[in-house]
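# Descriptive structure summary
Given next are the chains, with one letter for each unit.
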Amino acid sequence: APPDRPGAARAAAVDGERVNINTADVTQLMKLEGVGRRVAERIVQYRERHGQFQKPDELRKVQGIGNGLMERNRARIVVK
């Protein structure tokens, strides 16, 4: 896709960019497939209440995150 096309950069980011769920803000979390603003906000709230995620699977404890969403994003979710 030509880089001047609107959305081209976002599409590339959505395809491969890794997301550190311990440092990502709402906008960065929304780059994960199937994560909208409300779920992204819940991830941030969960992190503020419970501390950092120790492993990616802990994300399932957040309301709105199911197995399908985890499987689609597994390769891109990072915990550092």
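Okay, so let's go over this structure. Keep in mind the model is a prediction, meaning the values are calculated, not measured.

Reading the values: the criteria
Residues numbered from 1 in each chain as written. Predicted model: local features only at pLDDT ≥ 70, side-chain atom pairs only at ≥ 80, totals over all residues. Heavy atoms only, no water. Helix = DSSP H or I, 4+ residues; strand = E, 2+ residues; numbered from the N terminus. Contact = heavy atoms within 4.5 Å. Areas by Shrake-Rupley, 256 points an atom, 1.4 Å probe, with all protein chains shown as cover. Core = buried A, V, L, I, M, F, W, Y, C linked by side-chain atoms within 4.5 Å. Buried < 20%, exposed > 50% of the residue type's maximum accessible area, 1.4 Å probe, protein only. Phe/Tyr/Trp six-rings, centres within 6.5 Å; stacked < 30°, edge-to-face > 60°. Salt bridge = Lys/Arg side-chain N within 4 Å of Asp/Glu carboxyl O.

On a plain count of helices and strands, the chain comes out with four helices and two strands. Its helices and strands taken in sequence order, the chain reads α-β-α-α-α-β from the N to the C terminus. Put simply, of all contacts in the chain between residues at least 6 apart along the chain, 47% involve residues at least 24 apart. For the chain, the exposed surface amounts to about 5,100 Å²; the carbon and sulfur share of it is 48%.

Another point: the nonpolar core. Counting 19 residues, the largest nonpolar core has L29, I43, F53, L59, V62 and I65 as its most contacted members. Residue assignment for this core shows that the elements contributing at least two residues are α2 (26–29), α3 (37–50) and α4 (67–73). Those residues in contact with I43 that lie beyond four places of it in its chain are L29, F53, L59, V62 and I65.

So, on to the environment of G64. By the secondary structure assignment, G64 is in the loop between α3 and α4. Sequence separation of G64 and R42 is 22 residues, and the distance between their C-alpha atoms is 8.4 Å. Discounting residues that sit within four places of it in the chain, G64 has contacts with V39, R42 and L69.

On to the packing of aromatic side chains, then. Considering all chains together, one arrives at one aromatic pair under this definition. Here the aromatic rings of Y46 and F53 are separated by 5.4 Å at their centres, their planes lie at 10 degrees, and the arrangement is stacked. Taking the relative accessible area as the measure of exposure, Y46 reaches 15% and is therefore buried.

The next point concerns the pattern of salt bridges. Side-chain pairing between opposite charges can occur once the charged atoms of the two side chains come close. The full count for this structure, using the stated rule, is six salt bridges. Linking D57 and R74 is a salt bridge whose minimum nitrogen-to-oxygen distance equals 3.3 Å. Within this pair, whereas D57 is found in the loop between α3 and α4, its partner R74 is found in the loop between α4 and β2 (77–78), the two being separated by 17 residues in sequence. By relative accessible area, which is 34% here, D57 ends up partly exposed. By relative accessible area, which is 34% here, R74 ends up partly exposed. One salt-bridge network, held together by shared partners, links D57, R60, E71 and R74.

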